[in-house]
Amino acid sequence: MRWLVTGGLGFIGSNFIRVVLRERPDVRIVNLDAMTYAGNPANLRDLEDNPRYRFVHGDIGDVNAVESAIGDGVDAIVNFAAETHVDRSILDPEAFLRTDILGTHVLLEAVRRRGIARYLQVSTDEVYGDVERGESSEDDPLRPRSPYSASKAGGDLHVLAYRSTYDTPVLITRGSNTYGPYQYPEKLIPLFVTNLIDDQQVPVYGDGLQIRDWLHVEDHARGILHVLEHGTLGEVYNVGGGNPRTNLEITRLLLEGCGRSHDTHVRHVVDRPGHDRRYAVNTAKLSALGWAPRVPFADGIAATIVWYREHESWWRPLKSGEFLEYYKRQYAHR
Ligand code: TYD
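Residues numbered from 1 in each chain as written. Predicted model: local features only at pLDDT ≥ 70, side-chain atom pairs only at ≥ 80, totals over all residues. Heavy atoms only, no water.

K.L.:
For this particular structure, what's the right way to read the site of the ligand?
P.N.:
In the neighbourhood of the ligand, 20 residues make up the surrounding shell, with Glu126, Arg212, Arg272, His275 and Tyr331 lying closest. Arg212 places a side-chain nitrogen or oxygen 2.7 Å from an oxygen atom of the ligand. Asn247 has a polar side-chain atom sitting 2.8 Å from an oxygen atom of the ligand. Contact with the protein chains hides 98% of the accessible area of the ligand, taken as 510 Å² for the molecule alone. Contributing elements (two or more residues each) for the shell around the ligand: helix H3 (86–91), helix H6 (188–197) and strand S8 (202–205). Considering only residue class, the shell around the ligand consists of nine nonpolar, five polar and six charged. Each of domain 1 (2–178 + 215–239) and domain 2 (184–212 + 244–278 + 297–331) contributes no fewer than three residues to the shell around the ligand. (Near = heavy atom within 4 Å. Polar contact = N/O pair within 3.5 Å; in protein donor to acceptor, adjacent residues only side chain to side chain. Areas by Shrake-Rupley, 256 points an atom, 1.4 Å probe, with all protein chains shown as cover. Helix = DSSP H or I, 4+ residues; strand = E, 2+ residues; numbered from the N terminus. Nonpolar A, V, L, I, M, F, W, Y, C, P; charged D, E, K, R; others polar. Domains from an automatic or database assignment.)

K.L.:
Sorry if this is basic, but what is going on with the packing of aromatic side chains here?
P.N.:
Remark: the centre distance and the inter-plane angle together describe each pair of aromatic rings, the angle taken between the planes. The full count for this structure, using the stated rule, is 16 aromatic pairs. Here the aromatic rings of Tyr182 and Trp314 are separated by 5.7 Å at their centres, their planes lie at 90°, and the arrangement is edge-to-face. Placement of Tyr182 in the loop between strand S7 (178–179) and H6 and of Trp314 in helix H12 (residues 312–315) is noted, with a sequence separation of 132 residues between them. Tyr182 gets classed as buried once you look at its relative accessible area, which sits at 16%. Just above the ring of Tyr237 sits the side chain of Lys285; from NZ or CZ to the centre is 5.0 Å. Directly above the aromatic system of Tyr205 lies the positively charged group of Arg334, at a separation of 5.1 Å from the ring centroid. (Phe/Tyr/Trp six-rings, centres within 6.5 Å; stacked < 30°, edge-to-face > 60°. Buried < 20%, exposed > 50% of the residue type's maximum accessible area, 1.4 Å probe, protein only. Lys NZ or Arg CZ within 6 Å of the ring centre and 35° of its normal.)

K.L.:
Teacher, can you tell me more about the sheet that holds strand S4 (residues 76–79) here?
P.N.:
Strand pairing in a sheet is mediated by backbone hydrogen bonds. Such pairs are either parallel or antiparallel. A sheet is described by the order of its strands in space; here seven strands give the open sequence S3-S2-S1-S4-S5-S6-S11, paired in parallel fashion. The strands lining the two open edges of the sheet, one partner per strand, are strand S3 (53–57) and strand S11 (236–239). Across the sheet, the mean angle from the axis of one strand to that of its neighbour is 20°, orientation sign disregarded. As paired strands, strand S1 (residues 2–6) and S4 are joined by four bridges and run parallel to one another. Opposite Leu4, over in S4, you have Ile77 as the bridge partner. Taken strand by strand, helix H4 (residues 94–114) contacts S1, S4, strand S5 (118–124) and strand S6 (170–175), and its axis lies near 160° from that of S5. Packing against the sheet, helix H7 (residues 217–230) makes contact with S1, S4, S5, S6 and S11, and its axis sits at approximately 145° to S5. (Pairing = 2+ DSSP bridges. Axes fitted to C-alpha atoms, helices over the stretch in contact; angles between N-to-C directions. Contact = heavy atoms within 4.5 Å.)

Structural data, given as structure tokens:
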């Protein structure tokens, strides 16, 4: 079996590739990645000599790059390639439309043209929008509220349209907030951990009472793998951790784990515009298919803090150059 993974140098993609190569000895992986700021070769450095792994540098929006990655053919495409950070989508929405919608389109066309047997779109629970109470199910209406989530919702709808129109063999997963090793330090958990290691303050948006459902990246990767192998074509599956926490609760855990105190290290800053208060997904559909998360939240968070402590050589170079410019644009005026 040969699978094309796109965006495999990113956070969830690289963890997925590592899980697949470890647990599926009959699968070979081609990784097509554009190496944007978040696509980091260091995420998969340990696989560079693995004979079942091949890297192709290119953008999913580029038909020729996609063709050359597919080569003689693949059995499946798993699309992780996306612009993913809400705050960046507020500063600069266009890249999100290009990759998350037009890039998805180029991949769907390749699936149609080459008769590829399975296409899995990695999406997000953010497409459901703000969930005041209850949980989002897969057939709930999409009410995205940021340029990021609107782009992902556009991608999802296009994928489902290909199913209705051309009978394209598609699947969609919608994951909740993910944490773990190799996450770019712009997102809540790695940003806060690395700031705290460096004895810097952490910027909590607004009152910090927003709620996210946290999912360990290995559980997320296994959820995607499970849907790829067992899902019904044309269906959408939520993947959630079942760990709803306010941002202040997460902040408290990280302060404790890093030996810092709330009074000196937390700064409440101006809220994100259009900030969704709460996400919550119902995962009964994927549970019925036989998947369950394995990593207890307290263990996952503790291990993640240790990982960032022990991998300064991974994240320190990332918190320079482009990141510092972004950090200034994003936080200086707050
Ligand atoms: P984030 O990791 O950006 O994921 P998402 O916005 O996709 O859920 O943010 C998680 C939560 O943390 C979200 O409610 C916004 C909040 N947050 C802060 O309070 N401060 C920050 O500096 C960041 C990056 C996020």
